[in-house]
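# Notes for the structure review
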Protein chains: 2
Amino acid sequence: MAARPGPAPRGRAARGSARAALIAAAHTTVRRQGYAATSVDDICAAAGVTKGAFFHHFASKEALAVAAAEAWTERARPMFEMLPHTKLKDPLDRLLGHIDFRFSMLHGPVDGFICFIGTMVQDAYATSEPIRLACEASIAAYCDALAPDIEAAIDAYGAPPGVTAPDLARHVQSVLQGGFVLAKTTNDPAIARESVAHLRRYILMLFGRGETA
Amino acid sequence: MAARPGPAPRGRAARGSARAALIAAAHTTVRRQGYAATSVDDICAAAGVTKGAFFHHFASKEALAVAAAEAWTERARPMFEMLPHTKLKDPLDRLLGHIDFRFSMLHGPVDGFICFIGTMVQDAYATSEPIRLACEASIAAYCDALAPDIEAAIDAYGAPPGVTAPDLARHVQSVLQGGFVLAKTTNDPAIARESVAHLRRYILMLFGRGETA
DNA sequence: GACACCATACCAACTGGTCGGTATGTTGAT
DNA sequence: ATCAACATACCGACCAGTTGGTATGGTGTC
């Protein structure tokens, strides 16, 4: 107790880190158990903080959920800005690069790649409008980030009538979310990879690069 | 299975109906709130039955969940046996008929068309292996029911290499589940209809009936 | 540069209420 | 009379949220 080591005491978490630790703990815990099945105590234990700290930073469990949804959006941002495929010249190559990147994430334990937003909105959309809205905003942000490349690909290569950029962006998100659900069901990511492979083939066909029967 | 001879008492729910009422209540309540957020009392209230009756018929909440998953599978069976499109001669027409039928269901309140299985497995797959397995069996039954028509369509029209019937059946299921998640997120089925429309176009292209850019 | 002052960050213990599940009583059909 | 099919009353565990308090770091004053 008397020992007062330098800047980072090893015994417990640094002061000021509780809020971030709680959000990170919410991400991992809710992804594993769902929102309703995750108690505030669970999150506190995972974050290594007490309940007092929790309610110092967040007015309610719901408020944490909203903050965690916003943090998740920020966490996903580098996927569109820092990855190598985002530097490709051809917009369709950028889109396919994104799909391939999402595909490459679908390995290992299911908890490691499933979407916090999709998991949470499933059992909170009917009980908490603030959470639902936060999740809607996060999904919309993802689609908005994906849409410009799709738009450019449509401009460059054309697309069948009725296919628009926002529309296709939402479909990409839909296939991913569906893959997560099935991966949870079978406890195996292979089924999600299959589905993303179908999505990739669809996009290739849409833009005239694919092969038909 | 068959109704007892003689009239049922008029005043309150017929004796012997509690089990079916509880399963039906589980379907509606879990679809709206998720599994973890649904209490045994909620289900009992929705079924118009007391807790004593609940635990007379089911050993636990988990046991009801498993029974409800099996009942859901049975409930979906007529979709493959009794609908008009199942009588079509062309297997691809039967498949498209099924897709169109699923599309036509995507109207009105979200609670009305989302999948009990997909909702429940989301927040129970990590905490209850029996529930996960029951949901896996239900999804597998759906895919098994869909696969023969796809197989026949592949035989009749051919398909790109790597596309198999079980594979594509799972993709159909995946797109549906993903559409449900996004419909919950936006509280609007339109987004799910869009996604199923993309799925339909993909299938048309796969089998050479589609148009590319 | 030392110290009073104070807002923030955090903690342990607790509360009223709800949870899944149980123990036991009552009813109705055979 | 018997037993399945319910209902009533209750239990310990756990839930989200509250309370009263302590530790920490920044700031103004001299």
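Structure: above.
About the thresholds
Residues numbered from 1 in each chain as written. Chains lettered and ligands numbered in written order. Predicted model: local features only at pLDDT ≥ 70, side-chain atom pairs only at ≥ 80, totals over all residues. Heavy atoms only, no water. Phe/Tyr/Trp six-rings, centres within 6.5 Å; stacked < 30°, edge-to-face > 60°. Helix = DSSP H or I, 4+ residues; strand = E, 2+ residues; numbered from the N terminus. Least-squares fit on C-alpha atoms with pLDDT ≥ 70 in both. Contact = heavy atoms within 4.5 Å. Salt bridge = Lys/Arg side-chain N within 4 Å of Asp/Glu carboxyl O. Buried area = accessible area lost by both parts, 1.4 Å probe. Polar contact = N/O pair within 3.5 Å; in protein donor to acceptor, adjacent residues only side chain to side chain. Expected span 1.5 Å × (residues − 1). Buried < 20%, exposed > 50% of the residue type's maximum accessible area, 1.4 Å probe, protein only.

## Digging into the packing of aromatic side chains
- Under the definition given, this model contains eleven aromatic pairs over all chains.
- Taken together, a centroid distance of 5.7 Å and an interplanar angle of 40° make the contact between W72 of chain B and F116 of chain B tilted. Here the residue W72 of chain B occupies a position in helix α4 (residues 61-76), and F116 of chain B occupies one in helix α7 (residues 116-122), the gap between them amounting to 44 residues.
- Put simply, the rings of F54, F55 and F58 of chain A pair up and form one aromatic cluster.

## Overview of the relation of the copies chain B and chain A
- Between the two copies, chain B and chain A, the superposition gives an RMSD of 0.0 Å; the rotation angle is 180° and the shift along the axis is 0.0 Å. Considering both components of the superposition, the chain copies are consistent with a two-fold axis. No C-alpha of chain B lies nearer the rotation axis than that of G178 of chain B, which sits 1.8 Å from it.
- Most of the interface of chain B is mirrored in chain A: 100% of its interface residues are interface residues there too.

## Considering the pattern of salt bridges
- Within this structure, the stated rule accounts for 14 salt bridges over all chains.
- Here R94 of chain B makes a salt bridge to D149 of chain B, at a shortest N to O gap of 2.8 Å. On the criterion of sequence distance, the pair formed by R94 of chain B in helix α6 (residues 91-105) and D149 of chain B in helix α8 (residues 129-157) is long-range, its members being 55 residues apart.
- Because the salt bridges share partners, they merge into one network encompassing E129, R132 and E136 of chain A.

## Structural notes on the interface of chain B and chain A
- Each partner contributes to the interface: chain B provides 57 residues, whereas chain A provides 57 residues.
- Summing the contributions of chain B and of chain A, the shared interface buries around 4700 Å²; its carbon and sulfur component is 61%.
- Counting the surface chain B buries against chain A, the share from its top three residues, Q122, Y125 and H198 of chain B, is 15%.
- Run the count over chain B and chain A and you get two salt bridges.
- The shortest N-O distance in the salt bridge between E194 of chain A and R170 of chain B comes to 3.0 Å.
- Our count for the contact surface shared by chain B and chain A stands at 22 residue pairs in polar contact (both at pLDDT 80 or more).
- When contributions to the side of chain B that touches chain A are tallied by element, the ones reaching two or more residues are α1 (18-33), α7, α8, α9 (165-186) and α10 (190-206) of chain B.

## Considering α10 of chain B
- An ideal rise of 1.5 Å per residue puts 24 Å on 17 residues; α10 of chain B measures up with 24 Å between its terminal C-alpha atoms.
- Taking burial as the measure, the 17 residues of α10 of chain B include twelve buried ones, the bulk of the element.
- What α10 of chain B keeps buried is the set I191, A192, S195, V196, H198, L199, R201, Y202, I203, L204, M205 and L206 of chain B.
- Buried residues in α10 of chain B make contact with α9 (165-186) and α10 (190-206) of chain A together with α6 and α9 of chain B.
- The first or second residue beyond α10 of chain B is G208 of chain B, which carries a positive phi of 80°.

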